[in-house]
Amino acid sequence: MKLKSLFIVAVVTFLGTSCKESFLDINTNPNVLPTASPSFVLTNALNTTATNLIGNSATGNQPNEVGYYWAGQWSQGNGYIINTTIFAYNFTNGDFTYWDAYYDNLQDYQFVINNADANNQKYLKGPAKVMKAMLFQQLVDMYGNVPYTEALKGGEVLAPKFDDQKVIYESLITLLDEAIADLKANPFASAFTGSDIVFRGNVTKWAQFANSLKMKILIRQSKVAGRETYIKTEINKIVAEGSGFITGEEVGVGGASFFLATAGKLNGVYDRWGYDANGAKRALNNFPRPTKFLIDGLKAAGDTLRMKRIAYANGGENGSVPGTSVQKEVSANYSGTPFGVSSGYLPANTTSLGPSLIVKGEYNRPAILMTASEVQFLLAEAKQRFSDVTLPLTAKAYFEAGITQSFRVLGANVAGAEAFKGSKIENYDWDASTNKLTAIAIQKWIALTNFSGLEAWTEYRRTNLPVLPQSIQVADAKRPVRFYYPNTESGSNGANVTAQGTIDAFSTKLFWDVD
């Protein structure tokens, strides 16, 4: 684990004991270390979470970006040398090292949890616990066993043990229950709602987000033998709690009240793959390309309304008329890029990331952590697998709502979703779909495109759906099923890393990956 917190304390101690009294004199007690308000820490922590997951112009490829590739949704444009780390799976424990940034971020949320009461900011504990649960679930989904019970203790535990991933998952349900109790007991003080750059102090929405995360954690385990009774019991408890789930809107960080048209303060997606603060197109706008598999599948199903929101037509966005394509937006002008191809697919003749993600000038959209569409598909799978749970609607109703919410968040006319009812199109029309769970998985895969790459890859590992073509760079059938533990953790906590046994990123599956 990194020792950032200890380093900061040491530096502050040095400044406080070795500098003259006039230096940085702000009339505070020189014998007491300064501390930050939990409200300030929470705001920064939420923004950091979005950056760690999504990225910006200053970061490398973050978990969402890698997820889009390995879920078969994005490929690489041929204006660059092929990235063999991603597309030939030539990676080591020095690549995809998201571990340290995640634990640093978790330290911030733990600081809020530990200090909220003493600062009369109890209303911050619930949101901090929700975010702590979300990050630990993502760490498990990337690495398997990770430090949990002994983590986030600073200098008390410098070499934390690794906890079993199954036990962590169950602990996260308990943590989210605690978060909901805190949220119900502690409404936000009106003067501090601005510190919450997700729901602006709306504790009901935070509770709904917590329940949505609980549903994700439970459904992730739905194929694991012996978990049915536990999962059904917990789902029924969610229903009985009464707050409900995220519906009709997304869980997003920042937005118009937070992001600015200033370098370093843009929405991270816009900043990385779109434009800079002056409206100049980023070079990386030519890098990610929607895959041929994705585009051809949408065309074959007649799902062109969503296709035109997922991607711009060949040649990209028309900068003079933001949100529209250079070429006419007809199906013939949308050409996906085969996964891992290294030549023949240049920006001028392939589709690029579309207006659901990037529109010139729209630098202040929220950074999305979870969509309402994803939640509806979780509910659909829960009801389809466990028909006797107390969820009030049918699996069909949740499935159809998931498609509708996908159209909505993409910015497509939701009437297009209605057109698939009774269409007889496999995996679109519920009644006509041969395998309902397959239909749910494929529609969720489409709905996660451009919004939740890590989730899309995780769901692909769990369901093996859709059936994706292999990277052109890979001669065999192997695909990554996890990341390696990073070399930084091996260096600072080697004994506990070694205790996890030999890790093969292509065969050491996570506990919920049973197929």
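Below is a short write-up of the structure. (Residues numbered from 1 in each chain as written. Predicted model: local features only at pLDDT ≥ 70, side-chain atom pairs only at ≥ 80, totals over all residues. Heavy atoms only, no water.)

1. So, the overall build of the protein
And step 1. Assigned secondary structure in the protein consists of 19 helices and six strands.
And step 2. When its C-alpha atoms are laid out on the principal axes, the protein stretches across 70 × 55 × 50 Å.
And step 3. A buried classification covers 55% of the 515 residues belonging to the protein.
And step 4. A sequence separation of at least 24 residues applies to 72% of the contacts in the protein between residues at least 6 apart.
And step 5. With the model as given, the accessible surface of the protein reaches about 20,200 Å², and the carbon-plus-sulfur share is 54%.
And step 6. Here the protein holds 47 positive side-chain charges and 45 negative ones, and the gap between their average locations is 4 Å. (Helix = DSSP H or I, 4+ residues; strand = E, 2+ residues; numbered from the N terminus. Buried < 20%, exposed > 50% of the residue type's maximum accessible area, 1.4 Å probe, protein only. Contact = heavy atoms within 4.5 Å. Areas by Shrake-Rupley, 256 points an atom, 1.4 Å probe, with all protein chains shown as cover. Lys, Arg positive; Asp, Glu negative; His and termini not counted. Charge placed at Lys NZ, Arg CZ, Asp CG, Glu CD.)

2. Looking at the environment of L266
And step 1. With respect to the helices and strands, the residue L266 is situated in the loop between β2 (251-254) and α10 (268-274).
And step 2. In this structure the C-alpha to C-alpha distance between L266 and G144, which are 122 residues apart in sequence, comes to 33 Å.
And step 3. Setting aside anything within four residues of it in sequence, one finds L266 in contact with F259, L260, A261, D271, Y275, D276, A277 and Y363.

3. Here we look at the side chain of Q121
And step 1. Relative to the helices and strands, Q121 resides in the loop between α5 (99-115) and α6 (125-143).
And step 2. Residue Q121 is classed as buried on the basis of its relative accessible area, which comes to 5%.
And step 3. For Q121, the residues in contact, after removing those within four places along its chain, are S37, P38, S39, A116 and F192.

4. So, α6
An α-helix turns once per 3.6 residues; consequently, residues spaced three or four apart project the same way.
And step 1. With 19 residues, α6 should reach 27 Å at 1.5 Å per residue; the first-to-last C-alpha distance of 27 Å fits that figure.
And step 2. Where burial is concerned, most of α6 is hidden: 19 out of the 19 residues are buried.
And step 3. Positive backbone phi, at 85 degrees, marks G144, one or two positions downstream of α6. (Expected span 1.5 Å × (residues − 1).)

5. Quick look at the environment of D476
And step 1. Tracing the chain through its elements places D476 in the loop between α17 (453-463) and α18 (487-492).
And step 2. On the accessibility criterion, D476 (40% relative accessible area) is partly exposed.
And step 3. Each C-alpha atom, one on D476 and one on V414, is 41 Å from the other, the two residues being 62 residues apart in sequence.
And step 4. At 3.1 Å, the side chain of D476 and the backbone nitrogen of K478 are in polar contact. (Polar contact = N/O pair within 3.5 Å; in protein donor to acceptor, adjacent residues only side chain to side chain.)

6. Examining the packing of helix α13 (residues 372-385) against helix α16 (residues 436-448)
And step 1. The N-to-C vectors of α13 and α16 enclose an angle of 170 degrees; their axes lie 10 Å apart at closest approach. By the angle between their axes, α13 is roughly antiparallel relative to α16. Counting all contacts with α13, which are made through S373, E374, F377, L378, A380, E381, Q384 and R385, the residues of α16 involved are K436, L437, I440, Q443, K444, A447 and L448.
And step 2. A breakdown of the residues in the contact of α13 with α16 according to their chemical character gives seven nonpolar, three polar and five charged. (Axes fitted to C-alpha atoms, helices over the stretch in contact; angles between N-to-C directions. Parallel < 35°, antiparallel > 145°, perpendicular 65-115°, else oblique. Nonpolar A, V, L, I, M, F, W, Y, C, P; charged D, E, K, R; others polar.)

7. Comments concerning the packing of aromatic side chains
And step 1. A full pass over the atoms with the stated rule returns 43 aromatic pairs.
And step 2. Judged by centre distance (6.0 Å) and plane angle (40 degrees), the rings of Y123 and F192 are tilted. Here Y123, found in the loop between α5 and α6, pairs with F192, found in the loop between α7 (165-185) and α8 (203-220); they are 69 residues apart in sequence, far enough to count as distant.
And step 3. Accessibility expressed as a relative area gives 30% for F192, which makes it partly exposed.
And step 4. Between Y270 and Y275 the ring centres are 5.7 Å apart and the planes differ by 40 degrees, which places this aromatic pair in the tilted class. Considered together, Y270 and Y275 belong to a single accessibility category, that of buried residues.
And step 5. Here R220 stacks its cationic end above the ring of W512, 5.7 Å away from the centre of that ring. (Phe/Tyr/Trp six-rings, centres within 6.5 Å; stacked < 30°, edge-to-face > 60°. Lys NZ or Arg CZ within 6 Å of the ring centre and 35° of its normal.)

8. Examining the pattern of salt bridges
And step 1. Under the counting rule described, the total for this entry stands at 30 salt bridges.
And step 2. The salt bridge involving K216 is made with E374; its shortest N-O contact spans 2.9 Å. With K216 in helix α8 and E374 in helix α13, this pair connects stretches of sequence that are 158 residues apart. (Salt bridge = Lys/Arg side-chain N within 4 Å of Asp/Glu carboxyl O.)

9. Re helix α3 (residues 63-70)
And step 1. Within α3, eight of the eight residues are buried, leaving the element largely enclosed by the surrounding structure.
And step 2. Within α3, burial applies to P63, N64, E65, V66, G67, Y68, Y69 and W70.
And step 3. G72 sits one or two positions beyond α3 and adopts a positive phi of about 80 degrees.

10. Observations regarding the nonpolar core
And step 1. W70, F136, F209 and M215 are the most contacted members of the largest nonpolar core, which totals 144 residues.
And step 2. Sorting elements by how many residues they give to this core places α6 first, with eleven residues.
And step 3. Every residue in contact with W70, bar those within four places of it in the chain, is listed here: T85, I86, Y89, F91, F96, F339, W457, Y460, L468, P480 and F483. (Core = buried A, V, L, I, M, F, W, Y, C linked by side-chain atoms within 4.5 Å.)

11. Brief notes about the pairing of strand β6 (residues 366-370)
And step 1. Within β6, four of the five residues are buried, which leaves the element mostly enclosed by the surrounding structure.
And step 2. Bridge count between β2 and β6: four bridges; the pairing is antiparallel. Following the sheet pairing, V251 is matched in β6 by M370. (Pairing = 2+ DSSP bridges.)

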